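# Summary of the model geometry
Here are the chains, one letter per residue:
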Amino acid sequence: MSKTPKTNAARLLETAGIPFRLVPYKFDENDLAAQHVAEELGEDIRQVFKTLVLHGERTGYFVCVIPGNCEVDLKKAASAAGDKKAEMLPMKELLATTGYIRGGCSPVGMKKPFPTFFHESALDFERIYVSAGVRGLQLEVAPDKLINYVGATVCNIVK
């Protein structure tokens, strides 16, 4: 059995004393959707959260962590970030901005700390899944502990 390598996100949580579990899954380069991840994990899509990076017209970059079966509402997200308008970060800018690639973007351990917003449904679960920072690996973690660690605001940011 091969050992699952620790990611930067996992090391940061470990250092902070936050319990988590690394959960590997088979990823498909052509299907990086949260639905595929949930199916591979055998988990409810509502517990598998995706990490999106947005750019507010005045406030700059911020992060939205939402359930895999939802779409971010750009107006609600912008409002949460204290802005009037926001747009998704172009994919080609993701790595340079966060240090992560599409399908492996974690709310933990980005290059710089950005304001972060978790959809309120995260607190409906004892544990949620977020990317561990690489494709094919998820962090299973208590949402309240993760939210506190990244200093996130909890609000409704989906359509």
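Refer to the preceding data block for the structure.
So, how was this worked out
Residues numbered from 1 in each chain as written. Predicted model: local features only at pLDDT ≥ 70, side-chain atom pairs only at ≥ 80, totals over all residues. Heavy atoms only, no water. Disulfide = S-S within 2.5 Å. Buried < 20%, exposed > 50% of the residue type's maximum accessible area, 1.4 Å probe, protein only. Helix = DSSP H or I, 4+ residues; strand = E, 2+ residues; numbered from the N terminus. Arc of directions from axis to C-beta. Contact = heavy atoms within 4.5 Å. 1 Å grid on protein atoms, 1.4 Å probe; cavity = no way out; pocket = protein on both sides within 12 Å on 5 of 7 lines; lining within 4 Å. Points joined across faces, edges and corners; volume = space filled by probe spheres on them. Nonpolar A, V, L, I, M, F, W, Y, C, P; charged D, E, K, R; others polar.

Attention shifts here to the state of the cysteines. Going through the model one piece at a time under the given rule, you end up with zero disulfides. Unpaired in terms of disulfides, Cys70 finds its nearest cysteine sulfur in Cys64, a separation of 12 Å. Not engaged in a disulfide, the cysteine Cys105 finds its nearest cysteine sulfur in Cys64; these two sulfurs lie 11 Å apart. The class for Cys105 is buried, based on a relative accessible area of 7%.

Right, let's get into helix H4 (residues 91-98). For H4, the set of buried residues is Leu94, Thr97 and Thr98. All buried residues of H4 project into a common sector of 90 degrees when viewed along the axis, lining one side. The exposed residues of H4 that point more than 90 degrees off its buried face are Lys92 and Ala96. Residues of H4 that are buried sit in contact with strand E2 (49-56) and strand E3 (60-67).

Considering only enclosed or pocket space, the largest pocket measures out at about 570 Å³ in volume. Taken together, the elements giving at least two residues each to the lining of the largest pocket come down to helix H2 (34-41), E2 and H4. With five residues, the single largest contributor to the lining of the largest pocket is E2. Residues that form the lining of the largest pocket fall into these classes: 19 nonpolar, six polar and four charged. Quantified by volume, the second largest pocket comes out at close to 190 Å³. A per-class count over the lining of the second largest pocket returns nine nonpolar, two polar and one charged.

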